[in-house]
Amino acid sequence: MLRHAIAPVRRYTKASHDVVRHSQLNSDAKVLLLYVQGLPEDAAPKPLSEHAGRLGLKGRAYQRAKQLLTDCGYLHEWREQGARGRWVTEQLLANVTLTREEAAGARAGETAVAAPPSERPPTVGGPGERSAGHCPPEEELEEKNLPHPPPEDHTEDHTEDHTPDLAEAEGVLLSLRHVNRELLLGVREARLLAAAAAEWLRRGVTAADLRRALTTGLPADGVRSAVGFLRHRLVQKLPAARAQAQAVTHAPPPEWTAAPAQRGLVTCPGPGDEHVFRPRDDETHCLRCRTAAAYEATLQPLSVQWRTRVQECVSGG
């Protein structure tokens, strides 16, 4: 097996071989122990479960790692009742195995006495001179350590260019956080989007309709960037211009032809009782009389042929 290792110069934690090569500790217990040992002092008062949660150890995995650390002497707990009757659990996690008495002494503030270093033979040769560096002159320090000037604020330069439409659009954008907290914008962010929102107002959209168009139909997984989401919606859902809308809305109705004037009643000269009808063009008989006359005209040739045939049969022809 080949091995390639580079010693880190920063952001590292010293780990003892007794911990890394421990046969009874699993990988979760070792990682949790090394993670807690590398934390700063201000993060130590937190319970061990919170540190395990940041590593993704929850449930049975955390309970297993905690039990192994306790059995091997790395983790010790004390459960006591406070002055107001509430139970408090205090934990001590060490990078070496401690007995119950040693852990109690470490809890009380007692420091363990380390073994004296072993004697080593002196190094061959006499002590040499130690080279020390020199401090740079004050002029160089003053040139290199100049503080950075504060950033210039250009917000006042744009206040003069604000029109009523821009001011109203900026107010609508800043009020979106009251509808949905994910649409929270800063003053500069709202000022960048005010021009696109003012175009909606110029096209006849009211402030309430603009607010409703920007806050309805949000993504199911939430809004990642309020500025990007609002800029995309202002551009993609921009309504049509007012002139086009008026041209479509006020289009002239199609021309309708006037109905012909009704004529007066005319007496029909057909058979039967006297009756009248209202002609449409230049008719002289009513519809019923015209229909009867047409029916008789179709039957008359048939009736003449039938009679002629009967007479020929009677005469023996």
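Residues numbered from 1 in each chain as written. Predicted model: local features only at pLDDT ≥ 70, side-chain atom pairs only at ≥ 80, totals over all residues. Heavy atoms only, no water.

Side note on the overall build of the protein
Then, number 1: Regarding its fold elements, the protein presents twelve helices and four strands.
Then, number 2: Within the protein, the proportion of its 317 residues that are buried is 20%.
Then, number 3: For the protein, the share of sequence-separated contacts (at least 6 apart) that also reach a separation of at least 24 residues comes to 47%.
Then, number 4: Accessible surface computed for the protein: about 26100 Å², of which carbon and sulfur atoms make up 53%. (Helix = DSSP H or I, 4+ residues; strand = E, 2+ residues; numbered from the N terminus. Buried < 20%, exposed > 50% of the residue type's maximum accessible area, 1.4 Å probe, protein only. Contact = heavy atoms within 4.5 Å. Areas by Shrake-Rupley, 256 points an atom, 1.4 Å probe, with all protein chains shown as cover.)

Focus on the nonpolar core
Then, number 1: Grouped together as the largest cluster of nonpolar side chains are 23 residues, with contacts concentrated most on Leu 173, Leu 185, Leu 193, Leu 210, Leu 214, Leu 230 and Leu 234.
Then, number 2: Among the elements of the structure, α7 (164–174), α8 (187–202), α9 (207–215) and α10 (226–236) are those that each provide at least two residues to this core.
Then, number 3: Counting residues per element, this core draws most heavily on α8, which supplies seven residues.
Then, number 4: With near-sequence residues (within four places) excluded, Leu 193 lies in contact with Leu 173, Leu 185, Val 227, Leu 230, Arg 231 and Leu 234.
Then, number 5: Among the nonpolar cores identified, the runner-up in size contains 17 residues, and Leu 68, Cys 72, Leu 75 and Leu 93 belong to it. (Core = buried A, V, L, I, M, F, W, Y, C linked by side-chain atoms within 4.5 Å.)

Thoughts on unusual backbone geometry
Then, number 1: Positive phi outside glycine occurs at Arg 11, with the angle close to 55°.
Then, number 2: With respect to the helices, strands and loops of the structure, Arg 11 is situated in the segment before α1 (17–20).

Here's the deal with the packing of α8 against α9
Then, number 1: Running from N to C, α8 and α9 point in directions that differ by 130°, and their axes come no closer than 10 Å. In this view, α8 runs oblique relative to α9, as classed from their interaxial angle. Read as a crossing pair, α8 and α9 show a hand that is right-handed. Contacts between α8 and α9 involve Ala 197, Trp 200 and Leu 201 from the first element and Ala 207, Leu 210 and Ala 213 from the second. (Axes fitted to C-alpha atoms, helices over the stretch in contact; angles between N-to-C directions. Parallel < 35°, antiparallel > 145°, perpendicular 65-115°, else oblique. Left-handed = near helix turned anticlockwise from the far one by under 90°.)

Examining the environment of Val 276
Then, number 1: Following the sequence through the fold, Val 276 ends up in strand β4 (residues 275–277).
Then, number 2: On a C-alpha basis, the gap between Val 276 and Cys 286 in space is 7.6 Å, while along the polypeptide they are ten residues apart.

Focus on α10
Then, number 1: Every buried residue of α10 is listed here: Ala 226, Val 227, Phe 229, Leu 230, Arg 233 and Leu 234. Down the axis of α10, the smallest arc covering the buried residues is 165°, so these residues share one side. Of the exposed residues in α10, those oriented more than 90 degrees away from the buried face are His 232, Val 235 and Gln 236.
Then, number 2: Looking at the packing, one finds that the buried side of α10 touches α8 and α9. (Arc of directions from axis to C-beta.)

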